[in-house]
Amino acid sequence: MEPREEKEPFRQGDRVQIYRASNDERWEPYMAQYIGMKGVVTDPDMVINDPEALVEVTLEGTGGTHRFPQDCLRKVG
Amino acid sequence: MRVEKALVLIRDIAEGRAGGDHLRDLRGVAESLLDRPDPEANKLGQELLEALHLHGEVFQSHILSRNCPTGECDYLTPAPCQMACPSGIDVPSYVALIAEGKYDEAVNLIRQDNPFPWVCGLVCTHPCEFVCVRGKVDSPIAIKDLKAFAAERALSEGRYMNPPKEPETGHKVCVVGAGPAGLTAAYFLALKGHSVTVIEALPVAGGMMMVGIPRFRLPREVIDREVAFIEELGVEFRFNTRFGVDVTIDSLRKEGFEAFFIAIGAHSSFKLAIPGEDLPQVIDAVRFLQDVAMGSRRKPGDRVIVVGGGNVAIDAARTLVRLGCSEVTLLYRRSRAEMPANVKEVKQAEEEGVRLLFLTIPIEVISEKGRVAGLKCLRAKLAEADSRGRRRPIPVDGSDHILPADAVITAIGQRVDTTGLENLGLKWTSWDTILADTITAGAGQEGMFAGGDVVLGPATVVEAIGAGKRAAEGIDRFLKGIPQPTMPAVPVRRARITFWEMPASKKMDLKRPDMPLLGPERRRVTFQQVELGLTEEEVRTEAHRCLRCDICKRCGKCVAICRDKMGIDALELGYVEGANGLPTDLRRTSERCILCGACAANCPTGAMRIEDRGDERLLILCGTIMQRERLERCQGCRAPVGPSRYLDYVRRRTEGVALAFGGILLCEECARKATAQSKSGISVPER
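Residues numbered from 1 in each chain as written. Chains lettered and ligands numbered in written order. Predicted model: local features only at pLDDT ≥ 70, side-chain atom pairs only at ≥ 80, totals over all residues. Heavy atoms only, no water.

Caption draft 1: Looking closely at the overall build of chain B. A tally of helices and strands in chain B yields 26 helices and 21 strands. Reported as C-alpha extents along the three principal axes, the dimensions of chain B are approximately 120 × 60 × 55 Å. Counting only residues that meet the buried cut, chain B has 53% of its 687 residues in that class. Looking at chain B alone, contacts between residues at least 24 apart form 66% of all its contacts between residues at least 6 apart. About 30800 Å² of surface is accessible on chain B, with carbon and sulfur atoms providing 51% of the total. Put simply, chain B has 93 plus and 92 minus side-chain charges, and the middle of one group is 3 Å from the middle of the other. (Helix = DSSP H or I, 4+ residues; strand = E, 2+ residues; numbered from the N terminus. Buried < 20%, exposed > 50% of the residue type's maximum accessible area, 1.4 Å probe, protein only. Contact = heavy atoms within 4.5 Å. Areas by Shrake-Rupley, 256 points an atom, 1.4 Å probe, with all protein chains shown as cover. Lys, Arg positive; Asp, Glu negative; His and termini not counted. Charge placed at Lys NZ, Arg CZ, Asp CG, Glu CD.)

Given below as structure tokens:
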């Protein structure tokens, strides 16, 4: 696995985009269909802002709710 | 005829009216077309068969779920709230039933997808509300609170039911862990007719719902009552039984279990890794909350420090207040802005008297005579934001100080306790979670499935419920030898509830109700539920705010046609496609709409309707009466010819072409006769 970059934690309500596939072993093949989609962080790590915790994102439209590794997410306006 | 039959069958599938025989019949029609002498018919038959072969699962999904996630089938476009729900509840339908006061029907509809409507009504993180379309107008529907009311009322009236069970299959399944994931899997497996046994290390069912969430947020009776319904399905519980210790995979296999669902949660805690942590008055928050949940009311000390800035730390601090600790301090190493806990919960904690101390890093637990006497800390400052915007806490040299304390509660994260699972051949991630497929819950070994926190790490109750539901499906397929899916299941549309009519002005005026809370004085001394619940009137009114996105797919065709084709621009719907952030005001329609019906005629889902009712014509969007005008009548035959605004519009558009019979208002038929007479002097024969 690649070393993770230190970055601002995701907070509940942040708008994010799945901008790439993750290198995390918890990334699953079906998640590839969501690359490019935007959504809202509905359940970030609410204990220690762990940058390695999976983050729950509810995708816009009819994309559904899924837990993604954080290295595939970026905040969008 | 055969082509027509194929068309009818396909339309039924695309409109959610298809039954179990539709696909078989469609295949039959396609095959019969191959025998026709007409090459075009052969070609169509071939194409149909290919489509059924390549996309058979999609057709099947449309029939079973009555939802089309891509939105290509207009009638089956699912609502965002339903798609957002990890357990796939048909939110718009149960909200509509609540609006009608049919609480039992609402709850029994929810229970087709989620066995814990009351629990979720109180503690769900409600992803549905984050995507609620009404939130783009003013504020999202209080979906969670509506569910809680309906569940409580249905239970109170004895109308809370289990769905019908399928016949016994003879298969035996063992669920390890009686948390939300395990209990949900047990519920759905039992409904499918399997014999289910749940093994639980604790003496009670509920898992983290019972021992992790404090009673002031989720009363025990709520969990007990909903678990009782699962037990009623014939699920057997073995409490105080630890997997890998009291029972093993081999002993369970000897009992005849064919499949196992590992759902033990994440009940271990991370350590602070500072000197003095092994003192008996240093307790991890998970164990502390568990002890209190199991009945302990002994305070660990008068002055207690909670280390951590998350939801578990807040729950622990608020619990300490209720146990009578005189001084509860929550210590967090960054500032309030970085605190990961839910803002609402933090506010409530402060109201109850919890002191928050920021930018403070614990470095040693100080003891006197073998007991905790204080916590040695360093003050911190936040570094400048790095290239990614994250500010790290940096200890300030020489700032060490001691905070007096009788006990320390640590809440810096949870992890899976892997004891007993070591020799199952499971694959583990670097985070000590099981590497499992989250669609099927398959854990890589024959008959082994896993889901919930043991796979995701600490997550939410509703996610665990969703995981349990998917696991039940995966296990059922395994037992029946059915191939496993590779994509997430499409949530099922359970009903199509009719609209409740309401004027647009009222629909706009309705406001989301505030949840009444127990006063802070009472909260400091009892474990009574903090959220007191909405009244029936508030609940029904709130349900009426719903925009019914299960029917209106928000394509924006109505807005575009009214604005661009008709030049009226009467629909100010800021939440539809192409609105580009414009506001929503449903009342504006009554100022400008001419009731031409162009929007309704072009609505692909029937959400927008135009209707003549008595002496009036109405424009109705999902039950919201957008416009109503008195109908003018033909001065020849008295037939309705449209409202005056519409007639004015027609006159304006045609004034350069012809005079409208000297100001006499005529219907088409009478106008035709009058024209014929005026042109030729001949009377048109009566039809």
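From this point, the discussion proceeds with the structure in view.
Caption draft 2: Local environment of the sheet that holds strand β16 (residues 448-450) of chain B. All names here are of chain B. Taking strand neighbours across the sheet as the criterion, the five strands line up as β3-β2-β1-β4-β16 in an open arrangement whose pairing is parallel. Strands at the two margins of the open sheet, each flanked by one partner only, are β3 (236-238) and β16. For this sheet the average axis-to-axis angle between neighbouring strands, irrespective of direction, equals 20°. Inspection of the sheet shows strand β1 (residues 172-176) paired to strand β2 (residues 195-199) by five bridges, in the parallel sense. Note that in β2 the partner of Val-173 across the bridge is Val-196. (Pairing = 2+ DSSP bridges. Axes fitted to C-alpha atoms, helices over the stretch in contact; angles between N-to-C directions.)

Caption draft 3: Here's a closer look at unusual backbone geometry. Residues and elements named next belong to chain B. Positive phi is not limited to glycine here, since Ala-273 has a value of about 60°. For Ala-441, which is not a glycine, the phi torsion comes out positive at approximately 70°. Residue position: Ala-441 is located in the loop between β15 (414-415) and β16. On the basis of relative accessible area, Ala-441 is assigned to the buried category, the value being 3%.

Caption draft 4: Main features of the packing of aromatic side chains. All names here are of chain B. Applying the stated criterion across every chain yields a total of 10 aromatic pairs over all chains. Where Tyr-103 meets Phe-149, the ring centres are 5.2 Å apart and the plane angle is 70°; that geometry is what we call edge-to-face. Here Tyr-103, found in helix α6 (residues 103-110), pairs with Phe-149, found in helix α9 (residues 143-156); they are 46 residues apart in sequence, far enough to count as distant. Take Phe-149: its relative accessible area is 12%, and that puts it in the buried class. (Phe/Tyr/Trp six-rings, centres within 6.5 Å; stacked < 30°, edge-to-face > 60°.)

Caption draft 5: Representation of the interface of chain B and chain A. Across the boundary between the two partners, chain B contributes 48 residues, which contact 37 residues of chain A. At the boundary of chain B with chain A, total buried surface from both sides reaches about 3300 Å², with 53% on carbon and sulfur atoms. Across the chain B-chain A interface, the total number found is one salt bridge. The salt bridge partner of Glu-463 of chain B is Arg-67 of chain A, with a shortest N-O separation of 2.5 Å. On inspection of chain B and its partner chain A, the count reaches eight residue pairs in polar contact (both at pLDDT 80 or more). At the level of elements, α4 (80-84), α8 (127-130) and α15 (311-323) of chain B are the ones that each hand at least two residues to the side of chain B that touches chain A. No other element matches α4 of chain B, which puts three residues into the side of chain B that touches chain A. Looking at the side of chain B that touches chain A residue by residue, the class counts come to 28 nonpolar, 13 polar and seven charged. (Buried area = accessible area lost by both parts, 1.4 Å probe. Salt bridge = Lys/Arg side-chain N within 4 Å of Asp/Glu carboxyl O. Polar contact = N/O pair within 3.5 Å; in protein donor to acceptor, adjacent residues only side chain to side chain. Nonpolar A, V, L, I, M, F, W, Y, C, P; charged D, E, K, R; others polar.)

Caption draft 6: Broad picture of the packing of helix α5 (residues 91-99) of chain B against α6 of chain B. Residues and elements named next belong to chain B. One way to put it is that α5 packs onto α6 with a least axis distance of 7 Å and a crossing angle of 165°. Between α5 and α6, the interaxial angle falls into the category roughly antiparallel. Handedness of the α5/α6 crossing: left-handed. Counting all contacts with α5, which are made through Ser-93, Tyr-94, Leu-97 and Ile-98, the residues of α6 involved are Tyr-103, Glu-105, Ala-106, Leu-109 and Ile-110. Residue classes in the contact of α5 with α6 are distributed as seven nonpolar, one polar and one charged. (Parallel < 35°, antiparallel > 145°, perpendicular 65-115°, else oblique. Left-handed = near helix turned anticlockwise from the far one by under 90°.)

Caption draft 7: Representation of the pairing of strand β2 (residues 38-43) of chain A in the model. All names here are of chain A. The buried count for β2 comes to five of six residues, which makes it a mostly enclosed element. Of the strand pairs in this sheet, β2 and strand β3 (residues 55-59) are connected by four bridges, and their pairing is antiparallel. The residue bridging Val-40 from the neighbouring strand is Thr-58, located in β3.

Caption draft 8: The arrangement of the side chain of Arg-617 of chain B in detail. Residues and elements named next belong to chain B. You can see Arg-617 is positioned in strand β19 (residues 616-621). Within the structure, the side chain of Arg-617 is placed 2.7 Å from the side chain of Asp-612, a separation counted as a polar contact. For Arg-617, the residues in contact, after removing those within four places along its chain, are Leu-595, Ile-610, Glu-611, Asp-612, Gln-627, Arg-628, Glu-629, Leu-631, Gly-642 and Pro-643.

Caption draft 9: Broad picture of the confidence of the model for chain B. In this model, chain B carries a mean pLDDT of 92, and residues with pLDDT of at least 70 account for 97%. Note on the complex model: pTM 0.90, ipTM 0.89. (pLDDT = per-residue confidence, 0-100.)

Caption draft 10: Representation of the pattern of salt bridges in the model. Residues and elements named next belong to chain B. A full pass over the atoms with the stated rule returns 57 salt bridges over all chains. With a closest N to O distance of 2.8 Å, Asp-113 and Arg-494 form a salt bridge. Here Arg-494 lies in the loop between α18 (461-480) and β17 (502-503) and Asp-113 lies in the loop between α6 and α7 (117-123), a separation of 381 residues in the sequence. Look at Asp-113 and you get buried, because its relative accessible area is 0%. A relative accessible area of 27% means that Arg-494 is categorised as partly exposed. Where Glu-352 meets Arg-318, a salt bridge forms, and the shortest distance between an N and an O atom there is 2.7 Å. With a gap of 34 residues between them, Glu-352 in the loop between α16 (343-351) and β9 (355-357) and Arg-318 in helix α15 connect regions that are remote in the sequence. The same class applies to Glu-352 and to Arg-318, which are both buried.

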